[in-house]
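# Understanding the architecture of this molecule
Now for the letters of each chain:
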Amino acid sequence: IADGQVIYGASTSLKALSKSGSLRWSRLLSDYVGAIGAADLDGDGVLDDVVAGTLDGNITAFDSSGVMKWDYWKTFSSSDGRISICPIDADYDGARDEVLFNGIVPIVFTATGAIKFMGSGFVYAKGVSPVDFDGDGILDDVIAGTTNNLYAFNAAGSKLKIDGQDKYNATGAEAIVAVDLDGDGLRNDLIVASDANLAFYGTRFPTPQPISLPLPRPPPPHPLQHPPMTPTATGSATTGRPPWGQTRSPLTLTATG
């Protein structure tokens, strides 16, 4: 997290290491740690708090000293243990002091642990990410992927409709990340991974446009690299000593390749 600590999950414990690697604090949780995310729960602009999710669906928030700030018991646990946590700015105040949690459905928690909104209308979200759909420069919207579709929500929890539909008619997503593919300075594009497939989407509403990225150019040849050479030589030579008083013409060789 921002103060230099390293936070990690070890079985059912959440542990914090100092910059030097010494143990600063350890907290016992309700189940095995499934996800950890940094957050700015006090709104000071620094991601120095930590939120942990366990495989039974519980979420607990701590400050940088390991003091518990809030916990939420018995949310939705994921049947395959796939949960995720990341900070989000859902109240437009410039601080990522809310928490986006995914365990079957996406849930956004406020800085104090209250539920701001919970995704509905589908089950088993496999990947979620905060994204800036409205182009205001704030990661306050949510994209969620199921096996077959992608669903978009604004910061209030309302589904965003695309061409009258409440979902992208696209291959689902095991993992999603919001990026700036078109260089406009806004993270309103998506990279979506599903099984062995990788897809890129421009999220300029109302219609999402698949983006075809150019294939990478092959690297230039190294200055010392050159095609293999096949040397050949022509010429002749006569062995033995020439007769007394005679001289032999010098040998001439020509090499090609």
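Within each chain, residue numbers correspond to sequence positions counted from 1 in written order. Residue-level local features of this predicted model are given only where pLDDT is at least 70; pairs of side-chain atoms are given and counted only at 80 or more, and the full residue set underlies all totals for whole chains, interfaces and linings. Note that the side-chain values use all heavy atoms of the structure and ignore hydrogens as well as water.

## Comments concerning the overall build of the protein
Starting at the N terminus, helices and strands are each numbered in turn, a helix being any DSSP run of H or I of at least four residues and a strand any DSSP run of E of at least two. Helix and strand counts for the protein come out as zero helices and 20 strands. The proportion of buried residues among the 257 residues of the protein is 39%. Residue contacts follow a heavy-atom distance rule, with two residues in contact if any of their heavy atoms lie within 4.5 Å. For the protein, the share of sequence-separated contacts (at least 6 apart) that also reach a separation of at least 24 residues comes to 36%. Per-residue and other accessible areas follow the Shrake-Rupley method at a 1.4 Å probe size, with only the shown protein chains counted as cover for residues. As displayed, the protein has an accessible area near 14100 Å², and 55% of this comes from carbon and sulfur atoms. Three labels apply to residues, based on accessible area from a 1.4 Å probe with only protein chains included: buried if under 20% of the type maximum, exposed if over 50%, partly exposed otherwise in between.

## Re the pairing of strand E8 (residues 84-88)
With four of five residues buried, E8 is to be regarded as a mostly interior element. With five bridges connecting them, E8 and strand E9 (residues 98-103) associate as antiparallel partners. Each residue of the ladder has a partner; that of Ile-85, found in E9, is Phe-101. When DSSP finds two or more bridges between a pair of strands, those strands are recorded as paired.

## Observations regarding the sheet that holds strand E12 (residues 127-131)
Here three strands make up an open sheet; going across it, the order is E12-E13-E14 and the pairing antiparallel. Single-partner strands in this sheet number two, and they are E12 and strand E14 (150-153). Adjacent strand axes in the sheet meet at a mean angle of 20 degrees, parallel and antiparallel pairs treated alike. Two strands pair when backbone bridges link them, and strand E13 (residues 141-145) and E14 are joined in this way by four bridges, in the antiparallel orientation. Each bridged residue has a counterpart across the sheet, and for Gly-145 the counterpart in E14 is Leu-150. For helices, the fitted line uses only the C-alpha atoms of the stretch in contact; every axis is such a line through C-alpha atoms, and the angle between N-to-C directions lies from 0 to 180 degrees.

## Side note on the environment of Ile-191
As for its position among the elements, Ile-191 is in strand E16 (residues 189-194). Given a relative accessible area of 21%, Ile-191 falls into the partly exposed group. Linking Ile-191 and Ala-178, residues 13 residues apart in sequence, is a C-alpha distance of 6.5 Å. In this view, Ile-191 contacts Ala-175, Ile-176, Val-177, Val-179, Leu-181, Leu-198, Ala-199 and Phe-200; residues no more than four positions away in its chain are not counted.

## Some words on the sheet that holds strand E3 (residues 23-28)
Taken in spatial order, the three strands line up as E1-E2-E3 in an open sheet, and their pairing is antiparallel. Both outer strands of the open sheet, strand E1 (6-10) and E3, are each paired with one neighbouring strand and no more. Adjacent strand axes in the sheet meet at a mean angle of 20 degrees, parallel and antiparallel pairs treated alike. Both strand E2 (residues 13-17) and E3 contribute to a ladder of five bridges, which runs antiparallel. Paired with Lys-15 across the bridge in E3 is Ser-26.

## Section: the side chain of Lys-15
One can find Lys-15 in strand E2. Counting rule applied: Lys, Arg positive; Asp, Glu negative; His and chain ends not counted. By definition here, a salt bridge exists when the distance from a side-chain nitrogen of Lys or Arg to a carboxyl oxygen of Asp or Glu is within 4 Å. Of the side chains with opposite charge, Asp-31 comes closest to the buried, unpaired Lys-15, at an N-O distance of 15 Å. The definition of a polar contact used here is a pair of N or O atoms within 3.5 Å, where within protein one atom must be able to donate a hydrogen and the other to accept one, and adjacent residues in sequence count solely through side-chain atom pairs. There is a polar contact of 3.1 Å between the side chain of Lys-15 and the side chain of Ser-26.

## Regarding the packing of aromatic side chains
Planes of paired rings set the category: under 30 degrees apart is stacked, over 60 is edge-to-face and the rest tilted, where pairs are Phe, Tyr or Trp rings (Trp by its six-membered ring) whose centres lie within 6.5 Å. Tallying each qualifying case throughout the model produces four aromatic pairs. Taken together, the ring pairs connect Trp-70, Tyr-72 and Phe-109 into an aromatic cluster.

## Remarks on the nonpolar core
In these notes, a set of buried Ala, Val, Leu, Ile, Met, Phe, Trp, Tyr and Cys residues joined through side-chain atoms within 4.5 Å is what counts as a nonpolar core. Membership of the largest hydrophobic core comes to 15 residues, with the highest contact counts inside it found for Leu-41, Val-51, Trp-70, Val-99, Phe-101 and Phe-109. Counting only elements with at least two residues in this core, the list comes to strand E4 (33-39), strand E6 (59-62), E9 and strand E10 (105-109). If you tally residues by element for this core, the top one is E10, at three residues. Aside from chain neighbours lying at most four places away, what touches Leu-41 is Asp-49, Val-51, Ala-61, Lys-69, Trp-70, Asp-97, Val-99 and Ala-111.

## A look at the confidence of the model for the protein
Here the protein averages 75 in pLDDT, while 67% of its residues score no lower than 70. The predictor attaches a confidence to each residue, and that confidence, scored 0 to 100, is pLDDT. Per-element confidence in the protein is highest for E3, whose mean pLDDT is 93, and lowest for strand E18 (residues 209-210), whose mean pLDDT is 48. When the criterion is pLDDT under 50, residues 204-213 qualifies, and its contacts beyond four places in sequence or with other chains add up to 26 contacts.

## As for unusual backbone geometry
Its identity as a non-glycine residue notwithstanding, Ser-11 has a phi of 60 degrees, on the positive side. With a relative accessible area of 44%, Ser-11 lands in the partly exposed category.

## Focus: the side chain of Asp-40
Mapped onto the fold, Asp-40 is located in the loop between E4 and strand E5 (49-54). Of the side chains with opposite charge, Arg-96 lies nearest to the buried Asp-40, which makes no salt bridge, at 7.5 Å. One polar contact links the side chain of Asp-40 to the main-chain amide nitrogen of Gly-43, over a distance of 3.1 Å. A distance of 3.1 Å separates the side chain of Asp-40 from the backbone nitrogen of Asp-44, its partner in a polar contact.

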